[in-house]
Structure formats: C-alpha cells, structure tokens
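Observations on the model geometry
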Amino acid sequence: MENNHVSVLNIDLNAIDFNVNYFKSKLKNTTKLLVVVKAFGYGSSAAKIAKHLASKVDYFAVAYVDEGIALRNAGIKTPILVLHPQKQNLAKIIEHCLEPNIYASALLHDFITIAKAKNLSNYPIHLKFNTGLNRLGFSQKDIPSLITTLNNQQQVEVCSIFSHIAASEDLNERTFTLQQINLFKNISSEIISKLHNTPFLHMLNTSGILNYAEEAQFDLVRLGIGLYGFGNSHKETSNLKNVLSLSSVISQIHTIQQGETVGYNRAFKAKKTIKSATIPIGHADGISRQLGNGIGYVYIHNKIAPIIGNVCMDMIMVDVTNINCSEGDTVLIYKNQEHIEDLAKKSNTIPYELLTAISQRINRKLT
Ligand SMILES: *Cc1c(COP(=O)(O)O)cnc(C)c1O
C-alpha cells in the first residue's frame, strides 16, 4: 500500500542476499532453509521479502493464517508453514495450500476431520514438540496416542517434526539448551520409528544457527531476525549487513529561546537558546515514548540529534542546535542495526520489538 507519507522504511535486497549466504555458509549444503516472515516480515514487508527470496529458500513460515493468505495472494508458491493456526481457520489453511503446525491432539483431530470432509489424502502437517519453552507443542508422553491417530488415517502426513529453543542466544543457558536438543532427538527418533514415512526435522532459529549448528542442525533451519542483519550479539551482528533503514525528513525548524518548552506536558525546557527540528514520525509509528526526553536519537547529516521532550503520536522533536540542516533534509530514524540495537537497549527491549512496531502507514521501499 503506497501512500504519500515521507517516512520510509528502506529494504536493501543485496544485504538480504548477503545475510542469507552468510547463514548458509554456517550450514551443511544439504540443510534446507526456511525463512520466517511473520509479522509483516519483522515489520518490513513479508510479500516483498518473500518474492525476492522465493527461488532461494525451501520454505516460508508465518505466525497466523492471514499472513500466509497474504503471501499466497502476492503470488508466492513456496510451501508456507503456519506456526500458530487456530481451530477456526483450519479450512482456510487448506483452501490456500498452507501447512499447519499441529501442536495439540484436539487440533490434529479437528484438522483430520476437515481434511476428511474435503476428501484429502496425505495433506502435509508439521508436528511441534515442547522441549522446554512451554509455549506450544505436544509433550513426549503424547507420542503413543499421536501415533495411533496418525497411523489410522490417510488424510494427513507428517511432513516435519520440530521444536523451538528457549534461549538459543544465551550461552549461559547452554546446558539447558543441550537438554532441549537431546529431548528433541529422543522424541523425533521415537516418532520416526513408528510412522510409515520419514519426516524432516528442525529446531534452530537465527541464534540457534549461530550457536548450535553443530548440535542441532537437523534437516532445516528457521531463519528470522538474522535475515535483517541481527545476530543477537554485537560480534555476530557485525558479520552481517544492514537491511533496514527508516528515514524521514525535517518538517519544520524552530528556534527555542531559553526558558521556552517543547512538546506535550512541556517536558523539555530550554536552558539556553536551541534549535529544534520536527520530524513526522511518532509513537503511532513505533517510536516508543520511552525514547523521549533525550533517551533516543536520530541521525541528520550523520550527526546525532537527541529526541527532546515527549514522543508525540505522529511527530518527534529533536535537538539540531549543532547541526547545519534545513527543512526538507533527510533524517535517519533507524540508521542501521547498531542504531536499532542501541535504541532497543535504551528502551528496555529488543530489536525484534522495534522492527515489528514500525507502523503500516510508513512506506516500504526496496533499494
Ligand atoms: C519467530 C520464530 C523463528 C525465528 O526466530 P528468529 O530468532 O527471528 O530467527 C523460528 N521458529 C519459530 C517457531 C518462531 O516462532
């Protein structure tokens, strides 16, 4: 959806290719690649990313069914795993050739019932096991009844078995992670020994690829945030290329006399005469109010301009006293990964949240 807002999220496809190749270089060349494009491709553009990567990856994953439908409507033919299907939209999954994560017995029975009504056979499903995240998934003790159900029907076929690591980025949790991996190995071999077909296995997200490629690579990996150049550590991030930059322009420049205030609640008070610039992006666009009052900053002509006063819904004001700039000049709200990581830290969150918060009224442009 194009609009005439001046704030733009720029997406660098060459940098995406670089990052994909970087992660591929960490993997055996037989390991398949799934790219997770949930939440509008981590706030970028799921359709643009998927179109670009369709011929280069084996699978896409989304969180919810409507996200998968949007990809199909954009012409994506690649298999799409829906990580969190709900009972109410199982028929839509089939209608759009999406592949459900089946994480509970009730969901499996519902799906088989619908598949039966539609006369399907061997429809691909993916079984998720809980190995310690305690979010979604079967547990090991569910296996016997699961096998009975699966081996007494022809409507669905287990295409893959997977699990998700709770702390793949945190090496202090290595012992726990290795326990998760071992449990997954036990679970998957138990199932495979009892099923009529051999599903593929997967466990690793971005940090998992970086930290556990040796122990838990299996047949496929699920790359998300790494695609955009975030390695969940300074060292890994510095090996990746920046994909996303969020830019805007200066709407108006004001001279603020000593004693005057800027913004709502008069939160900023000028101790001396300063120059402020108003930028058309605000908390409704994902710029957290926690970044107000000098915590967050933007770049103008490569110089740092701190946010002054409170972040408004549609605007921020920044201090440009020491920057030679004019109305209409470009502002980098998010310059690169390092900038986003720093702003995330300063607002007590993680880059994932900053990226996925970028509002839909901001244009997405490929560069
Ligand atoms: C979001 C998600 C991923 C991707 O995680 P990143 O840390 O962004 O690489 C992989 N698997 C599952 C199940 C997810 O929910």
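Residues numbered from 1 in each chain as written. Predicted model: local features only at pLDDT ≥ 70, side-chain atom pairs only at ≥ 80, totals over all residues. Heavy atoms only, no water.

**Focus: the domain arrangement of the protein**
A common way to state how big an interface is: give the accessible area lost once the parts meet. Segmenting the protein into domains produces domain 1 (31-230) and domain 2 (244-366). Measuring from the centre of the C-alpha atoms in domain 1 to the corresponding centre in domain 2 gives 38 Å. Of the residues lining the interface, eleven residues belong to domain 1; the matching set on domain 2 comes to twelve residues. Summing both sides of the interface, domain 1 and domain 2 together bury roughly 1100 Å²; the carbon and sulfur share of this comes to 70%. When the buried area of domain 1 at its contact with domain 2 is split by residue, Tyr-42, Lys-48 and Phe-230 rank highest and sum to 44% of it. Joining domain 1 to domain 2, the criterion identifies three residue pairs in polar contact (both at pLDDT 80 or more). The greatest single-element share of the side of domain 1 that touches domain 2, amounting to three residues, is contributed by helix H2 (residues 38-42). (Domains from an automatic or database assignment. Contact = heavy atoms within 4.5 Å. Buried area = accessible area lost by both parts, 1.4 Å probe. Polar contact = N/O pair within 3.5 Å; in protein donor to acceptor, adjacent residues only side chain to side chain. Helix = DSSP H or I, 4+ residues; strand = E, 2+ residues; numbered from the N terminus.)

**Some points on the packing of helix H1 (residues 13-25) against helix H3 (residues 46-53)**
One way to put it is that H1 packs onto H3 with a least axis distance of 11 Å and a crossing angle of 60 degrees. Taken together, the axes of H1 and H3 lie oblique to each other. Taken as a pair, H1 and H3 cross one another with a handedness that is right-handed. Residues Leu-13, Ile-16, Asp-17 and Val-20 of H1 pack against Ile-49, His-52 and Leu-53 of H3. Each residue belonging to the contact of H1 with H3 can be placed in one class, and the counts come to five nonpolar, one polar and one charged. (Axes fitted to C-alpha atoms, helices over the stretch in contact; angles between N-to-C directions. Parallel < 35°, antiparallel > 145°, perpendicular 65-115°, else oblique. Left-handed = near helix turned anticlockwise from the far one by under 90°. Nonpolar A, V, L, I, M, F, W, Y, C, P; charged D, E, K, R; others polar.)

**Comments concerning H1**
Under the 1.5 Å per step criterion, the end-to-end length of H1 is 18 Å for 13 residues, consistent within 8% with the ideal 18 Å. Taken together, the buried positions of H1 are Leu-13, Ala-15, Ile-16, Asp-17, Asn-19, Val-20, Tyr-22 and Phe-23. The backbone nitrogen of Asn-14 has a side-chain oxygen 3.0 Å away, supplied by the residue at the start of H1, namely Asp-12. (Expected span 1.5 Å × (residues − 1). Buried < 20%, exposed > 50% of the residue type's maximum accessible area, 1.4 Å probe, protein only.)

**A few points about the environment of Ala-115**
Here Ala-115 lies in helix H6 (residues 105-117). A C-alpha to C-alpha distance of 7.4 Å links Ala-115 and Val-156, two positions 41 residues apart in sequence.

**Here's the deal with the nonpolar core**
Phe-60, Ile-287, Ile-300, Ile-316, Val-318 and Ile-333 are the most contacted members of the largest nonpolar core, which totals 111 residues. At six residues, H1 tops the list of elements feeding residues into this core. Three or more residues apiece are contributed to this core by two domains, here domain 1 (31-230) and domain 2 (244-366). Setting aside anything within four residues of it in sequence, one finds Phe-60 in contact with Leu-34, Val-35, Val-37, Ala-50, Leu-53, Ala-54, Leu-71, Ile-76, Thr-78, Pro-79, Ile-80 and Leu-81. If you look at the next biggest cluster of nonpolar residues, it comprises eight residues, including Ile-256, Val-262, Ile-274 and Cys-312. (Core = buried A, V, L, I, M, F, W, Y, C linked by side-chain atoms within 4.5 Å.)

**Remarks on the UniProt feature "binding site: substrate" (unreviewed entry) in the protein**
The feature "binding site: substrate" (unreviewed entry), as annotated in UniProt, sits at Arg-135 and Met-313 in this numbering. For the annotated residues, spread through 179 residues, the largest C-alpha to C-alpha distance comes to 33.2 Å, inconsistent with a single compact locus. Among the structural elements, Arg-135 can be located in the loop between strand E6 (123-128) and helix H7 (143-151). Setting aside chain neighbours within four positions, we find Arg-135 in contact with Lys-128, Asn-130 and His-164. (UniProt positions renumbered as here; feature names shortened; annotations may be inferred.)

**Some points on the pairing of strand E1 (residues 8-11)**
The alternating pattern of E1 places Val-8 and Asn-10 and Leu-9 and Ile-11 on opposite faces, both of which are buried. Where E1 meets strand E19 (residues 363-366), four bridges bridge the pair, whose relative direction is parallel. Residue pairing across strands places Leu-9 opposite Arg-364, the latter belonging to E19. Where E1 and strand E10 (residues 244-249) come together, four bridges link them in antiparallel fashion. Note that in E10 the partner of Asn-10 across the bridge is Ser-245. (Pairing = 2+ DSSP bridges.)

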